[in-house]
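# Structure at a glance
Chain by chain, the residues run as shown.
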Amino acid sequence: MNLSVKNLIGIKDLSVTDINLIFESAIDFKSVINRPIKKVPTLRDLTVANVFFENSTRTKLSFELAQKRLSADIINFSSNNSSVNKGESLVDTINNIISMKIDMVVIRHPNVGVPHLLKDKIESVIINAGDGTHEHPTQALLDAFTIKENLGKLKGKKILLVGDIIHSRVALSNIFCLQKLGAKIMVAGPPTLIPKYIKDLGVQVEYDILKALKWCDVANILRIQLERMKTHSFPSNREYNLFYGLDSNLISKLSKDILILHPGPINRGIEISSELVDNEDSIILDQVENGVAIRMAIIYLLSKHINN
Ligand code: CP
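Residues numbered from 1 in each chain as written. Predicted model: local features only at pLDDT ≥ 70, side-chain atom pairs only at ≥ 80, totals over all residues. Heavy atoms only, no water.

Before going further, it helps to examine the domain arrangement of the protein chain. A common way to report how large an interface is uses the accessible area buried once the components associate. For the protein chain, the assigned domains are domain 1 (11-135 + 288-303) and domain 2 (137-287). The interface is formed by 32 residues belonging to domain 1 together with 29 residues belonging to domain 2. Across the interface of domain 1 and domain 2, roughly 2,500 Å² is buried in total on both sides, 63% from carbon and sulfur atoms. Contact with domain 2 buries area across many residues of domain 1, yet Ile11, Phe23 and Asn290 alone supply 24% of it, more than any other trio. (Domains from an automatic or database assignment. Contact = heavy atoms within 4.5 Å. Buried area = accessible area lost by both parts, 1.4 Å probe.)

The following block contains the structure:
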């Protein structure tokens, strides 16, 4: 089976069948990366460019490792040590990279819509590794895959997104992905960090974190994105932590276990306490491991369109 899309621009474009196909392939690739020999020769004819105009640890390394595990050739571009600093435009930069016979471009950019713009301008397959505050489709897929791995299914599960929803591409992609898979979504956070349109997406809103946690099966704790705020959207980090920070004291008030996710990078002591992050039951690093398998699945499935 093939994906119904030729590029991965956003979760919005994927069907439920596409998502399930990615998950099935990711299960196979997860077993590959847990073998003594973690590599398959599947994509040795593929050349991929990882083009990052914004900082990244997890996504960039995870894509790079996924490509290496599939035996693809790769080149890495970071705007901060490139000719972008001499005034070269986005399209000129990409066209120069593409002219080196690149089959697939993984792109992260601080501006919304850049992967969408490129898909109409270049022949290569495009994968969105995060565009501004818009979408981060591979993060949503690895989050949903991790929840399914732990709970068995998504249908009917209650998923809470906590914190900086308004600046979060992870939030929007999670909402699209989890709703497609039949989950119910609630967001919780200060009113200044919850977008006004959120209810139009069929999402519940709760400003009391304890009530929200009592409702959910899973809490995905989002990073406060201070770099996207001209001024703080709340009085201070300490104030935020007091009202919305997750710690073991808050969790002890629930009469049930919940699954806690965080996409990273983590602001320890602001949105979540170190003791919850470092707890032996924490699955935050499992999300990172699953990210490699999910990205292998996506690269593999999209590469089938190139060979056809
Ligand atoms: N989760 C995530 O996108 O992390 P990076 O910004 O480090 O890639």
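That covers the picture; the talk isn't over yet.
The next thing to look at is the sheet that holds strand β9 (residues 259-261). In any sheet, the strands associate via hydrogen bonds between backbone groups, in a parallel or an antiparallel arrangement. Taken in spatial order, the five strands make up an open sheet running β7-β6-β5-β8-β9, and their pairing is parallel. Only two strands of the sheet have a single partner each, and these edge strands are β7 (204-206) and β9. Strand-to-strand twist across the sheet, computed as the mean angle between neighbouring axes with direction ignored, equals 25 degrees. Judged from the three bridges that link them, strand β8 (residues 218-221) and β9 form a sheet pairing that is parallel. Looking at β9, one finds that Ala219 is bridged to Ile260. (Pairing = 2+ DSSP bridges. Helix = DSSP H or I, 4+ residues; strand = E, 2+ residues; numbered from the N terminus. Axes fitted to C-alpha atoms, helices over the stretch in contact; angles between N-to-C directions.)

Glancing now at the sheet that holds strand β1 (residues 47-52). Here we have four strands laid out as an open sheet, ordered β2-β1-β3-β4, and parallel in their pairing. Two strands bound the open sheet, and with one partner strand each, they are β2 (73-78) and β4 (125-131). Within this sheet the neighbouring strands show an average axis-to-axis angle of 15 degrees, counted without direction. Inspection of the sheet shows strand β3 (residues 104-109) paired to β4 by five bridges, in the parallel sense. Among the inter-strand pairings, Val105 is bridged to a residue of β4, identified as Ile126.

Burial within β1 is extensive, with six of its six residues counted as buried. Both faces of β1 are covered, namely the face carrying Thr47, Ala49 and Val51 and the face carrying Val48, Asn50 and Phe52. Remark: the β1/helix α2 (residues 58-69)/β2 crossover connection has right-handed handedness. Note: β1 against β3, five bridges, orientation parallel. Looking across to β3, one finds that Val48 is bridged to Met104. (Buried < 20%, exposed > 50% of the residue type's maximum accessible area, 1.4 Å probe, protein only. Right-handed = clockwise from strand over helix to strand, strands pointing away.)

Here the focus is the site of the ligand. Around the ligand, the neighbouring residues are Ser56, Thr57, Arg58, Thr59, Arg108, His136, Gln139, Pro263, Gly264 and Pro265. Note that an oxygen atom of the ligand is positioned 2.8 Å from one of the backbone N or O atoms of Thr57. One nitrogen or oxygen atom from the side chain of Gln139 is found 3.1 Å from a nitrogen atom belonging to the ligand. Protein chains bury 91% of the 250 Å² of accessible surface belonging to the ligand in isolation. Within the shell around the ligand, the residues separate by chemical class into two nonpolar, six polar and two charged. If you count residues domain by domain, the shell around the ligand takes at least three from each of domain 1 (11-135 + 288-303) and domain 2 (137-287). (Near = heavy atom within 4 Å. Polar contact = N/O pair within 3.5 Å; in protein donor to acceptor, adjacent residues only side chain to side chain. Areas by Shrake-Rupley, 256 points an atom, 1.4 Å probe, with all protein chains shown as cover. Nonpolar A, V, L, I, M, F, W, Y, C, P; charged D, E, K, R; others polar.)

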